[in-house]
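# Results of the structural survey
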Amino acid sequence: MTDPTPLAAFARRRIPAAAVPLGLRQTSAWRPGLGGAALQSELFASAVEASGAGLALAMALDQAAGDERPFLWVQDKAALRKSGRPYRPGLPPALRSRLIHVAADSCEDALFALEEGLRCRDLAFVLGELAGNPRALGFTASRRLSLVAEKHGVPLWLVRLDAQRDLSSARMRWQVRSAASLAPQWNRDAPGRPAWQAELFRARAHPSGTWILRDDGQSLVVAAAPNHEQAHPLDLVPGAGDRSLAAG
């Protein structure tokens, strides 16, 4: 008769982080200005405010500081109807003369324009706005965008207006809404600088958390940072789950 196997033998063994593939490791907490940012990010936001596009532009500027190449902004018809066209005078000064805008009739046309933009290394970044959860934007389409962005090195910021979280291959996924702005120093009745509450709910290289982010006029800064619970690397499972920057 053999000895019974102790229950401890069936417990999950902890493998050293160095032995875990790089794509499944969690490194330091995300912060503005952090190098090695993901080339495809999704931002889920309400269409009644400009928080999604505003934070996407702020993050793009933070990631591509000093880059003076043009950028592409693509909207499908539903997103255009919900949020309107980009308002050039309301954009950050560094972006006003660099905007290339595409208004697509359908989600399929918008995805085609996004993919073609990602193939163009003369663009600093690509920003897309799509409304809801169209069938054309499934996991396969998301994976195509990821592969093209990584192949050509052009970052993609995809704003999902009034959408439910669904399957995606985006390397970083955010839930965004406007936050209260600080009162201006000289005129207390004037609008404050833009601010956002941003929840990072999925990332391959960073623990999840929620930040209060502010545009201080020069860069993107953290006003309040989260306390992260460091998950074990093997517990990370790829996810299933007038316009201006002034959205605060």
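Structural notes, computed from the coordinates. (Residues numbered from 1 in each chain as written. Predicted model: local features only at pLDDT ≥ 70, side-chain atom pairs only at ≥ 80, totals over all residues. Heavy atoms only, no water.)

## Side note on the overall build of the protein chain
If you tally the helices and strands in the protein chain, you get 4 helices and 9 strands. If you list the helices and strands of the protein chain from N to C, you get β-α-β-α-β-α-β-α-β-β-β-β-β. In the form shown here, the protein chain has an accessible surface area of approximately 13,100 Å², with 53% of it arising from carbon and sulfur atoms. (Helix = DSSP H or I, 4+ residues; strand = E, 2+ residues; numbered from the N terminus. Areas by Shrake-Rupley, 256 points an atom, 1.4 Å probe, with all protein chains shown as cover.)

## Observations regarding the pairing of strand β8 (residues 209-215)
The buried fraction of β8 amounts to 6 of the 7 residues, a majority that puts the element mostly inside the structure. Two elements, strand β7 (residues 195-203) and β8, share 6 bridges in a ladder whose sense is antiparallel. Across the sheet, residue Q197 finds its bridge partner in β8, namely I212. Between β7 and β8, which pair antiparallel in sequence order, lie 5 residues. (Buried < 20%, exposed > 50% of the residue type's maximum accessible area, 1.4 Å probe, protein only. Pairing = 2+ DSSP bridges.)

## Describing unusual backbone geometry
With a phi close to 50°, D162 is a non-glycine residue in the positive phi region. Structurally, the position occupied by D162 is in the loop between β5 (156-161) and β6 (172-178).

## A word on helix α3 (residues 107-118)
In this model α3 runs 16 Å from its N-terminal to its C-terminal C-alpha over 12 residues, within 8% of the 16 Å that 1.5 Å per residue would give. On its buried face, α3 is in contact with β2 (71-76), β3 (99-104), β4 (126-131), α4 (139-152) and β5. (Expected span 1.5 Å × (residues − 1). Contact = heavy atoms within 4.5 Å.)

## As for the packing of α3 against α4
Where α3 meets α4, the closest approach of the two axes is 9 Å, and the angle between their N-to-C directions is 20°. Judged by the angle between their axes, α3 and α4 are roughly parallel. You can see that α3 and α4 cross each other, and the crossing is left-handed. Across from L111, L114, E115 and L118 in α3, the residues of α4 making contact are A141, R144, L145, V148, A149 and H152. Its residues placed into classes, the contact of α3 with α4 shows 7 nonpolar, 1 polar and 2 charged. (Axes fitted to C-alpha atoms, helices over the stretch in contact; angles between N-to-C directions. Parallel < 35°, antiparallel > 145°, perpendicular 65-115°, else oblique. Left-handed = near helix turned anticlockwise from the far one by under 90°. Nonpolar A, V, L, I, M, F, W, Y, C, P; charged D, E, K, R; others polar.)

## A look at the environment of A170
Structurally, the position occupied by A170 is in the loop between β5 and β6. Judged by its relative accessible area of 0%, A170 falls in the buried class. Distance in space between the C-alpha atoms of A170 and L156 is 9.4 Å, their sequence separation being 14 residues. Contact partners of A170, with chain neighbours within four places excluded, come to Q40, E42, S142, S146 and R202.

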